[in-house]
Amino acid sequence: MKVYFAPGSRAVRTVWLLEEIGKTYELVRFTLGQKEMRGPEYTRINPNGRVPTLVDGDTTVTESTAIAQYLGAKYAPELTPGPDAANFAAYLQWLNYAEGMIMPPINNYVVETILLPPERRNDELAARALKLLNRTLGATEAHKEGRDFLAGDFTVADTVTGHAVIMSRRLGADFSQCPNLAAYADRLEAREAFKAADSA
């Protein structure tokens, strides 16, 4: 199994899940923005030139949440509630919440504060993205009341939306009114599998 990877990217989610389920993998490393990510060799594998990409035998998956669903369904059913499980709907909701709600403002904020050269950055757009990010985290904070994880026990959803929560905090989102999320992020960052992925 091969993972095309860059530190600080969504690829951390993929490595984290592989560490949680104990699957052996090979990392092909990039740095974000590296020109080889847009080159013909890699875009034959992932036409968007993004990470992560998972190659498992003859199967290639290029979207981080789809990779998580694939790995969970194929290799970790204990982390993937099925349709008959009481937490199935919550699992689906929070598996998809990161990409639907948290990551769009993160993406905009990162562009305006990190990726663009200083002379092209827009402070107003960055502030607006951070405000929206804080709002999306508010719904997550409310959901986390009385819960250690997003859908009962630890599931694949925690490696996806949990990772987005961790990245939100690292980027400077306001956690001062989010004690549940702060505790949740601490809980996730303490997991050995996350530590291994975060330092990969």
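Report on the accompanying structure. (Residues numbered from 1 in each chain as written. Predicted model: local features only at pLDDT ≥ 70, side-chain atom pairs only at ≥ 80, totals over all residues. Heavy atoms only, no water.)

1. Some words on the packing of aromatic side chains
Right, on to step 1. Inspection of every chain in the model, using the stated rule, returns seven aromatic pairs.
Right, on to step 2. Taken together, a centroid distance of 6.5 Å and an interplanar angle of 25° make the contact between Y4 and F30 stacked. Of this pair, Y4 sits in strand β1 (residues 2–5) while F30 sits in the loop between β2 (26–29) and α2 (40–43), and the two are 26 residues apart along the sequence.
Right, on to step 3. Taking relative accessible area as the criterion, F30 reaches 9% and is therefore assigned buried.
Right, on to step 4. Between the aromatic rings of Y4 and Y42, the centroid separation amounts to 5.1 Å while the plane-to-plane angle is 40°, which identifies the pairing as tilted. Of this pair, Y4 sits in strand β1 while Y42 sits in helix α2, and the two are 38 residues apart along the sequence.
Right, on to step 5. On the accessibility criterion, Y4 (10% relative accessible area) is buried.
Right, on to step 6. Clustering of aromatic rings is evident, with ring pairs tying together W16, F149, F154 and F194.
Right, on to step 7. Seen from the ring of Y184, K144 lies directly overhead, with NZ or CZ sitting 4.5 Å from the centre.
Right, on to step 8. Above the ring of F154, the side-chain terminus of R191 is found at 3.7 Å from the ring centroid. (Phe/Tyr/Trp six-rings, centres within 6.5 Å; stacked < 30°, edge-to-face > 60°. Helix = DSSP H or I, 4+ residues; strand = E, 2+ residues; numbered from the N terminus. Buried < 20%, exposed > 50% of the residue type's maximum accessible area, 1.4 Å probe, protein only. Lys NZ or Arg CZ within 6 Å of the ring centre and 35° of its normal.)

2. Remarks on the packing of helix α5 (residues 123–143) against helix α7 (residues 179–189)
Axes are the key here: two packed helices are described by the angle between their axes and the distance separating the axes.
Right, on to step 1. At a closest axis distance of 8 Å, the pairing of α5 and α7 adopts a crossing angle of 80°. The pairing of α5 with α7 is recorded here as roughly perpendicular in orientation. Facing α5, whose interface residues are L137, T140 and E141, α7 presents P179, N180 and L181.
Right, on to step 2. Looking at the contact of α5 with α7 residue by residue, the classes come out as three nonpolar, two polar and one charged. (Axes fitted to C-alpha atoms, helices over the stretch in contact; angles between N-to-C directions. Parallel < 35°, antiparallel > 145°, perpendicular 65-115°, else oblique. Contact = heavy atoms within 4.5 Å. Nonpolar A, V, L, I, M, F, W, Y, C, P; charged D, E, K, R; others polar.)

3. Focus: a nonpolar patch on the surface
Right, on to step 1. Residues V111, I114 and L115 make up a contiguous nonpolar surface patch of roughly 270 Å² in combined accessible area.
Right, on to step 2. Summarising the element assignment, V111 is placed in helix α4 (residues 88–115).
Right, on to step 3. The exposure class of V111 is partly exposed, given its relative accessible area of 31%. (Patch = residues over 30% accessible without salt bridge, like charges linked within 9 Å, V, L, I, M, F, W, Y side chains within 5 Å. Areas by Shrake-Rupley, 256 points an atom, 1.4 Å probe, with all protein chains shown as cover. Salt bridge = Lys/Arg side-chain N within 4 Å of Asp/Glu carboxyl O.)

4. Considerations on the environment of E99
Right, on to step 1. Structurally, E99 can be placed in helix α4.
Right, on to step 2. If we skip the residues at most four places from it in the chain, E99 touches R10, R13, S64, T65 and P104.
Right, on to step 3. In this structure the side chain of E99 is engaged in a polar contact, spanning 2.8 Å, whose partner is the side chain of R13. (Polar contact = N/O pair within 3.5 Å; in protein donor to acceptor, adjacent residues only side chain to side chain.)

5. Let's talk about the environment of Q177
Right, on to step 1. Topologically, Q177 is positioned in the loop between α6 (156–170) and α7.
Right, on to step 2. Here Q177 falls in the exposed class, since its relative accessible area comes to 62%.

6. Quick word on the side chain of T136
Right, on to step 1. Its place among the elements puts T136 in helix α5.
Right, on to step 2. A distance of 2.8 Å separates the side chain of T136 from the backbone oxygen of L133, its partner in a polar contact.
Right, on to step 3. Every residue in contact with T136, bar those within four places of it in the chain, is listed here: Y97, M101 and I102.

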